[in-house]
Amino acid sequence: MTAPLPESNGKKYDLGFARWVYENVDGGDKLSMCMQCGACSGSCPIGTEMDHGPRKLFMMIRAGMKEDVLKSNTMFNCTSCYNCVVRCPRKVPVTYILQDLGRVAQRLGYAEAKETDNARFAKAFFWSTRKFGRTDERLFSAKYYLSFGVGEAIKMAKANMPVARSLMKAKRMHLGMPHKIKGVKELNAILDKAEEIEKREQGV
Amino acid sequence: MPNGGPNSQAILVVGGGIAGISAAVETAEAGYDVILLESSPVLGGRVSRLNRYFPKLCHPTCGLEINYQRIRGNPRLKMFTMATVAGVSGEKGNYTVTVKTTPRHVNAKCTACGDCAAAATSEVPDASNYGLTTKKAAYLPHEHAFPMRYVIDPSVIGTPEADAIKAACKYDAVDLDETEQTFDVTVGAIIWATGWRPYDAKNLTAYSYELPDVINNVEMERLAAHDGPTDGKILRPSNGEEAKRVALIQCAGSRDHNHLAYCSRICCLASLKHAAYVREQYADADVDIYYIDIRAHDKLEAFHQKLKNDPQVTFHKSKPAAIVEGPDGRPVVKGEDTVTRDVYARDYDLVVLATGMEPSTAGFDLPVTLSQDDYGFIVPHVEDTDGMFSAGVAQGPLDVSMSVQSATAAALKAIQAVDGA
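Residues numbered from 1 in each chain as written. Chains lettered and ligands numbered in written order. Predicted model: local features only at pLDDT ≥ 70, side-chain atom pairs only at ≥ 80, totals over all residues. Heavy atoms only, no water.

Undergrad: Even after reading the chapter, I still don't get the overall build of chain A, so can you show me in this structure?
TA: From N to C terminus, chain A includes 13 helices and zero strands. Tracing chain A from N to C terminus, the helices and strands come up as α-α-α-α-α-α-α-α-α-α-α-α-α. In terms of overall dimensions, chain A has C-alpha extents of about 55 × 35 × 35 Å along its principal axes. Here chain A holds 204 residues, and 40% of them are scored as buried. Intrachain contacts of chain A at a sequence separation of at least 6 include 62% that bridge at least 24 residues. Each charge class in chain A can be summarised by its mean position, and for the 34 positive and 22 negative side chains these summaries are 6 Å apart. (Helix = DSSP H or I, 4+ residues; strand = E, 2+ residues; numbered from the N terminus. Buried < 20%, exposed > 50% of the residue type's maximum accessible area, 1.4 Å probe, protein only. Contact = heavy atoms within 4.5 Å. Lys, Arg positive; Asp, Glu negative; His and termini not counted. Charge placed at Lys NZ, Arg CZ, Asp CG, Glu CD.)

Here it is, written out as structure tokens:
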């Protein structure tokens, strides 16, 4: 069971947070192996999009900078390409740590975590999964665009029209009724159960 | 003999690099019979392939030459080149060692006149240049070779070329019929000075060692050496142009759990020395050193500081993530600068990977059971009942001066072992 995150009581540097990450975040026990060489952030295909990058984020965790870590966009820009994991000279499972930290930030309700592109995208993706049992490229894209507001959504949809045309040509997107799987209800029951287990394990 | 019996007081030294030579010479000069084995045709090992030593930038040939004279002048020291250990039995004070020699096809009558090389037509990779060049199939390993005697490559034996080589020799020094031989020696102690090999940079897939302008540190030594492939000019292997933008990558496959987990201790200083080579040759050259931390221990820190004060040598605290081929074919080094958090991609004329030292004994089935650590280094000495010792890089990553110290220590311990102390 995951221990609840201790209160920081307004401290900027909270070493309790570092310890909590070591003990509770997936792969966190390997975090102390990090020697700050930078191979992870340098290997990252979208490393320039990240505010901190994994190396600096790990140092911030060690320094106990809880708020700055959980407000970071680094976790949400990770594409899980595993370049960093393969190259890390100390075998730190960088991707796992980032993914789980992202979940922690989400769970604790950090606004930054909820508003990242990836969070919106994941939310739309899950909406489509629950609704149709599969992704409907057209509807879930629309759902994702609309999370930014109607005006922005129209702009984004227009910009992505060439992609949509290519997808249709390749029969990866279609017009008309969305395709549904047979057992939507059963799938939702599975997902509900999974959520229930996750919540139980997190002690929520 | 203090402990009486049939014990032997002779000492076997396996490996004729700087550690083996030092151990053998010290032991022989202390009055003990020594047998020195070297697997290659010449003594000197890796050191003879260095351009200069750090931190004084003096030439290794100088120190080696003094040692060769000490070997020549000492009747107690018997040396066998192209010889390896095939088996060991017995115990401290009484080891029987089976030695296997491979044929050189050139006997002691050789005057190193070079007529055989002139008669040879085929070429073989030049081991003294780490295969960067080729040489004739009848060759002198390098200009300071000791013993100063030619070698005929086994690839030509049995061909008309070999007959032409034999015919060219005025001194009847070529023996094409020489075969592999084994013989036994009895010794009281054995010093393993089997040395190291550079970690294979081909394993560092992200560093694109296959690109012509990405080389390793021992190859850089050859590029800078006057008898190397470029006559000592640091030129780009791809096109022969002067290498004026040079990147030196530290810990290439070292301190890395995917490769060598340990620090080889010499690479930082070797790379600082490489920076000095480049700056000495080209006034307008820029050298970038990428490092995790610079490990310049003890007095070597002064050499580090000297290079740090050079405005054309830049230190980047970063382990590069990848080296890729740029659009113009030049290598591009990519990574994150850990001080500034800048993600960089910089192109260079030449990139040198500071690969670490892997023990020569790693990954081989040895003819004898030795106490080795997780990485294959041979434990210096296990217990008093044991007559096996290790010296030089066989026992762990050491620079030349530390290798010589460890060799002297091994010599003393071996003497104590055969003396029954």
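Undergrad: Just checking my understanding: could you explain the overall build of chain B for this structure?
TA: A tally of helices and strands in chain B yields eight helices and 22 strands. Relative to the 2.2 N^0.38 estimate, which gives 22 Å for 421 residues, the radius of gyration of chain B is 23 Å and therefore close to what a compact globule would have. By its C-alpha atoms, chain B is 70 × 55 × 35 Å across when sized along the principal axes. The buried share among the 421 residues of chain B stands at 56%. Partitioning the intrachain contacts of chain B with sequence separation of at least 6 by distance along the chain shows that 67% fall at a separation of at least 24. (Rg over C-alpha atoms; globule rule 2.2 N^0.38 Å.)

Undergrad: Just checking my understanding: could you explain the domain arrangement of chain B for this structure?
TA: Interface extent is often summarised as the accessible area lost during association of the parts. Residue and element names in this part refer to chain B. Per the domain assignment, the segments making up chain B are domain 1 (11–102 + 180–195 + 360–418), domain 2 (115–168) and domain 3 (199–357). Using C-alpha coordinates to define each centre, domain 1 is positioned 31 Å away from domain 3. Taken together, the contact pairs 16 residues of domain 1 with 21 residues of domain 3. Both sides of the domain 1 and domain 3 interface together cover about 1600 Å² of buried area, and 68% of this is carbon and sulfur. Arg-52 serves as the salt-bridge partner of Glu-280, at 2.9 Å between the closest nitrogen and oxygen. Counting every contact that joins domain 1 to domain 3 gives seven residue pairs in polar contact (both at pLDDT 80 or more). (Domains from an automatic or database assignment. Buried area = accessible area lost by both parts, 1.4 Å probe. Salt bridge = Lys/Arg side-chain N within 4 Å of Asp/Glu carboxyl O. Polar contact = N/O pair within 3.5 Å; in protein donor to acceptor, adjacent residues only side chain to side chain.)

Undergrad: Any chance you could explain the domain arrangement of chain A here in plain terms?
TA: Residues and elements named next belong to chain A. What the domain assignment reports for chain A is domain 1 (15–115) and domain 2 (118–201). Relative to domain 2, the C-alpha centre of domain 1 lies at a distance of 27 Å. The interface is formed by eight residues belonging to domain 1 together with four residues belonging to domain 2. Between domain 1 and domain 2 the total buried area reaches about 370 Å² when both faces are included, carbon and sulfur atoms providing 43% of it. Here domain 1 and domain 2 share zero salt bridges between them.

Undergrad: What exactly am I supposed to notice about the side chain of B:Arg52 here?
TA: All names here are of chain B. With respect to the element layout, Arg-52 can be found in the loop between β2 (34–37) and α2 (60–72). By relative accessible area, which is 14% here, Arg-52 ends up buried. Reaching out from Arg-52, the side chain makes a polar contact with the side chain of Glu-280 at a distance of 2.9 Å.

Undergrad: Looking at this model, I keep getting lost on the interface of chain A and chain B. Mind explaining?
TA: Listed as interface residues are 23 residues of chain A and, on the opposing side, 16 residues of chain B. Counting the surface lost from both chain A and chain B, the interface buries some 1500 Å², and carbon and sulfur atoms represent 52% of this. Connecting chain A to chain B are one salt bridge. For the salt bridge of B:Glu336 with A:Arg55, the shortest nitrogen-to-oxygen distance reads 2.7 Å. On the surface where chain A and chain B come into contact, there are eleven residue pairs in polar contact (both at pLDDT 80 or more). Counting only elements with at least two residues in the side of chain A that touches chain B, the list comes to α2 (39–43), α3 (53–63) and α6 (83–87) of chain A. The leading source of residues in the side of chain A that touches chain B is α2(A), at four residues. Grouping the constituent residues of the side of chain A that touches chain B by class yields eight nonpolar, nine polar and six charged. (Nonpolar A, V, L, I, M, F, W, Y, C, P; charged D, E, K, R; others polar.)

Undergrad: Sorry if this is basic, but what is going on with the pairing of strand β15 (residues 286–291) of chain B here?
TA: Consecutive side chains along a regular strand alternate between the two faces of the sheet. All names here are of chain B. Most of β15 is tucked away: five of the six residues are buried. When strand β14 (residues 245–252) meets β15, the two strands line up parallel, connected through five bridges. Pairing of Arg-245 across the sheet is with Asp-286, part of β15. You can see the chain leave β14, run along helix α6 (residues 267–281) and come back into β15, and the turn it takes is right-handed. (Pairing = 2+ DSSP bridges. Right-handed = clockwise from strand over helix to strand, strands pointing away.)

Undergrad: Looking at this structure, I do not really get the nonpolar core. What am I missing?
TA: Soluble globular proteins tend to bury their nonpolar side chains together. Residues and elements named next belong to chain B. One finds Ile-234, Ile-249, Ile-289, Val-333, Leu-350, Val-351 and Leu-353 to be the most contacted residues of the largest nonpolar core, which totals 63 residues. Composition of this core by domain shows at least three residues from each of domain 1 (11–102 + 180–195 + 360–418) and domain 3 (199–357). Formed by 31 residues, the second largest nonpolar core is a distinct cluster that contains Ile-11, Ile-18, Ala-23 and Ala-410. (Core = buried A, V, L, I, M, F, W, Y, C linked by side-chain atoms within 4.5 Å.)

Undergrad: Looking at this structure, how should I read helix α7 (residues 94–107) of chain A?
TA: Working note: α-helix, 3.6 residues per turn, so residues spaced by three or four point in the same direction. All names here are of chain A. Its 14 residues give α7 an end-to-end C-alpha distance of 20 Å, which sits within 8% of 20 Å, the value for a rise of 1.5 Å per residue. Within α7, burial applies to Val-94, Thr-95, Ile-97, Leu-98, Asp-100, Leu-101, Gly-102, Val-104 and Ala-105. Taken from the residues just after α7, Gly-109 is the one with a positive phi, measuring 75°. (Expected span 1.5 Å × (residues − 1).)

Undergrad: Help me out: how do you make sense of a positive patch on the surface in this one?
TA: On the surface, a cluster of positive charge is contributed by A:Lys114, A:Lys123, A:Lys131, A:Lys143 and A:Lys180. Counting through the fold element by element, A:Lys114 comes out in helix α8 (residues 111–115). (Patch = residues over 30% accessible without salt bridge, like charges linked within 9 Å, V, L, I, M, F, W, Y side chains within 5 Å. Areas by Shrake-Rupley, 256 points an atom, 1.4 Å probe, with all protein chains shown as cover.)

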